[in-house]
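This is what each chain is made of:
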Amino acid sequence: MLCAISYKHNKDKESCIFSFCVHPNYQGKGIGKKLMKELEKDDYYKRSDRIEVSSSIPALPFYLKLGFKYKNNEMTFENGSFYLEKYK
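These remarks concern the structure in this document. (Residues numbered from 1 in each chain as written. Predicted model: local features only at pLDDT ≥ 70, side-chain atom pairs only at ≥ 80, totals over all residues. Heavy atoms only, no water.)

1. Comments concerning the overall build of the chain
- Tallying secondary structure elements over the chain gives three helices and six strands in all.
- Here the chain has a C-alpha radius of gyration of 12 Å; the compact-globule value for 88 residues is 12 Å, and the two agree.
- Principal axes of the C-alpha set define a box for the chain whose edges measure 35 × 30 × 20 Å.
- Every one of the 88 residues in the chain was classed for burial, and the buried ones make up 33%.
- Considering only contacts within the chain whose residues lie at least 6 apart along the sequence, 51% involve residues at least 24 apart.
- For the chain, the accessible surface area stands at approximately 6000 Å², while carbon and sulfur atoms represent 52% of it.
- Taken together, the 16 basic and 11 acidic charged side chains of the chain have centroids lying 7 Å from each other. (Helix = DSSP H or I, 4+ residues; strand = E, 2+ residues; numbered from the N terminus. Rg over C-alpha atoms; globule rule 2.2 N^0.38 Å. Buried < 20%, exposed > 50% of the residue type's maximum accessible area, 1.4 Å probe, protein only. Contact = heavy atoms within 4.5 Å. Areas by Shrake-Rupley, 256 points an atom, 1.4 Å probe, with all protein chains shown as cover. Lys, Arg positive; Asp, Glu negative; His and termini not counted. Charge placed at Lys NZ, Arg CZ, Asp CG, Glu CD.)

2. A look at unusual backbone geometry
- One non-glycine residue with positive phi stands out, namely Asn-72, at about 55°.
- For Asn-72, the location among the structural elements is in the loop between strand S4 (69–70) and strand S5 (77–78).
- A relative accessible area of 51% means that Asn-72 is categorised as exposed.

3. Points about the pattern of salt bridges
- Counted by the stated rule, this structure contains seven salt bridges.
- Lys-71 is paired through a salt bridge with Glu-52; the nearest N and O atoms lie 3.3 Å apart. Of this pair, Lys-71 sits in the loop between S4 and S5 while Glu-52 sits in strand S3 (residues 50–55); the two residues are 19 residues apart in sequence, bridging distant segments of the chain.
- On the basis of relative accessibility, which here comes to 24%, the residue Lys-71 falls in the partly exposed class.
- A cluster of three or more residues bridged by salt bridges with shared partners is formed by Lys-8, Glu-14, Arg-50, Glu-52, Lys-71 and Glu-85. (Salt bridge = Lys/Arg side-chain N within 4 Å of Asp/Glu carboxyl O.)

4. As for the packing of aromatic side chains
- Considering all chains together, one arrives at seven aromatic pairs under this definition.
- Considering the side-chain rings of Tyr-63 and Phe-68, the 5.6 Å spacing of their centres and the 80° angle between planes classify their relative orientation as edge-to-face.
- Between Phe-77 and Phe-82, the ring centres sit 4.8 Å apart and the planes meet at 55°, which makes this aromatic pair tilted.
- Connected via pairs of aromatic rings, a cluster forms that spans Phe-20, Phe-62, Tyr-63 and Phe-68. (Phe/Tyr/Trp six-rings, centres within 6.5 Å; stacked < 30°, edge-to-face > 60°.)

Any functional reading would require information beyond the geometric quantities listed.
Quick look at the structure:
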């Protein structure tokens, strides 16, 4: 399991989740949800009004379930990822 968050292009109120991985053997067991809860305690997450993440096809339902929406309300698939955002 791995996760990382940082600021988004030097914008004070935006952050980006750069890595969020749960080994396939552990997916579907609530670990990703718990990991996201921990990530939400991070200062970058707490200070942000908007969080952005790029999602693989298999991870898309996970992020949508957590309240992420397609960036700019457009279902765009580029470079093997969907681009999602969440406003708090």
